Amino acid sequence: MTRGPVATALFGSGSEQARSIYEQGVEICGRMPHSDPEKWFPLYWGWWFTTPDYGVYRERAEAVLAFAGQAPDPEIRLQALHCAWATDFNTGQHVDCLCRVERGLALYDPKQAGASRARYGGHDAKVCGLAQRGLSSWFLGDAKTARESVDAALAWAEKIDHRGSLCHALDFATVLRRYEGDPAGALAFADRLGEIADQHGLPSVKAKSRIFRGWARAHLGALEEGLQELEAGLAQQREIDTPEDFPVYIEMQAELLGMSGQNAAGSALIGEKIERAERMGHVFWVPELYRRRALLRHAAGEDEAAWREDLACAIRTAERNGAAMLVARARADLAGVAGEIGRTT
């Protein structure tokens, strides 16, 4: 339980170093009588947090909830919900995510939080809950609450002066600006992440910074350099971190490939990610993957039926997730592209 958080901070949550420690810990626990199961809960939480295989992500989350969801200790119940709301978000269950966040925040104790930050993902549960509430609110169409909640997460991280929590909050703030299509805002937060990463030797944080810096720089005029920076960060991230944000990263890469005229390459890249994400239930960004592929296919002059079907899939998937923001984007593109065709025929 001591070594796991250190390895996660130094090498990344999906690194072999972190993952092997937690897998060894859970394996040892399986051979021991559980006279005090709450004592070992941080190992099970880390075992869930560090899995690089999204196929077992929800399975492990359910195991953590079963292990500790009814524990008498409020802090243990909070951390079980901490695990659950992240799983809900990544599987596109945004209403459930908001419910778990609210239940979890009601259990938050600032005195207990100090010790828990190191044990559970290296960040504060309140910071995570506020930030996660912000992103799910955005998907559900509430942009105002999204900004307010992510800003509150960042303010709380600054107040508690905890490095891992500040990185976590800045990561969410950067992601939200990406969702909103705000490259200047994303660049500002990504630069802050990069400074912290350089100062404290945090490769996972540095990789995220490079990915978002690359996307932002490309949109702000440095397309070739931005694409190179994004791809370098993505290569580093694949080696050391868990996969929850990779659909967003791949869609960003495909977007920049399209901007540079490589529409077919971008479309092929997204096709691989859609298949894997749907197979594993990692669907929160799947509507945007379909939407991006539709735009790339249209730009490449592919058959109209193909890109129309992609937009239809984007709408269906977003509606199933209750992601009103993504439904609106796909419908706008469908109307816009159809109108463009009408003007040229």
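As a reminder, the structure under discussion sits directly above these lines.
Small disclaimer: the values here were computed from a predicted structure and weren't measured. (Residues numbered from 1 in each chain as written. Predicted model: local features only at pLDDT ≥ 70, side-chain atom pairs only at ≥ 80, totals over all residues. Heavy atoms only, no water.)

Draft legend 1. Representation of the overall build of the chain. Counting its secondary structure elements, the chain contains 18 helices and zero strands. Burial statistics for the chain: of 345 residues in total, 55% are counted as buried. On the chain, roughly 14200 Å² of surface is accessible, and the fraction owed to carbon and sulfur atoms is 52%. Distance from the positive charge centre (40 side chains) to the negative charge centre (48 side chains) of the chain: 3 Å. (Helix = DSSP H or I, 4+ residues; strand = E, 2+ residues; numbered from the N terminus. Buried < 20%, exposed > 50% of the residue type's maximum accessible area, 1.4 Å probe, protein only. Areas by Shrake-Rupley, 256 points an atom, 1.4 Å probe, with all protein chains shown as cover. Lys, Arg positive; Asp, Glu negative; His and termini not counted. Charge placed at Lys NZ, Arg CZ, Asp CG, Glu CD.)

Draft legend 2. Seen up close, a nonpolar patch on the surface. A surface patch of nonpolar side chains, about 240 Å² in accessible area, is lined by Val6, Leu10 and Phe11. Inspection of the secondary structure puts Val6 in helix α1 (residues 3-11). (Patch = residues over 30% accessible without salt bridge, like charges linked within 9 Å, V, L, I, M, F, W, Y side chains within 5 Å. Salt bridge = Lys/Arg side-chain N within 4 Å of Asp/Glu carboxyl O.)

Draft legend 3. Up close: empty space enclosed by the protein. According to the stated counting rule, one finds one cavity of 30 Å³ or more in the structure shown. As a volume, the largest cavity reaches approximately 40 Å³. Where the lining of the largest cavity is concerned, the elements lending two or more residues are α1, α3 (41-49) and α7 (110-119). With three residues, the top contributor of residues to the lining of the largest cavity is α3. Along the lines of polarity and charge, the residues of the lining of the largest cavity split into five nonpolar, four polar and one charged. (1 Å grid on protein atoms, 1.4 Å probe; cavity = no way out; pocket = protein on both sides within 12 Å on 5 of 7 lines; lining within 4 Å. Points joined across faces, edges and corners; volume = space filled by probe spheres on them. Nonpolar A, V, L, I, M, F, W, Y, C, P; charged D, E, K, R; others polar.)

Draft legend 4. Inspection of the side chain of Arg19 at higher detail. Mapped onto the fold, Arg19 is located in helix α2 (residues 16-30). Only 2.7 Å separates the side chain of Arg19 from the side chain of Glu16, close enough to count as a polar contact. (Polar contact = N/O pair within 3.5 Å; in protein donor to acceptor, adjacent residues only side chain to side chain.)

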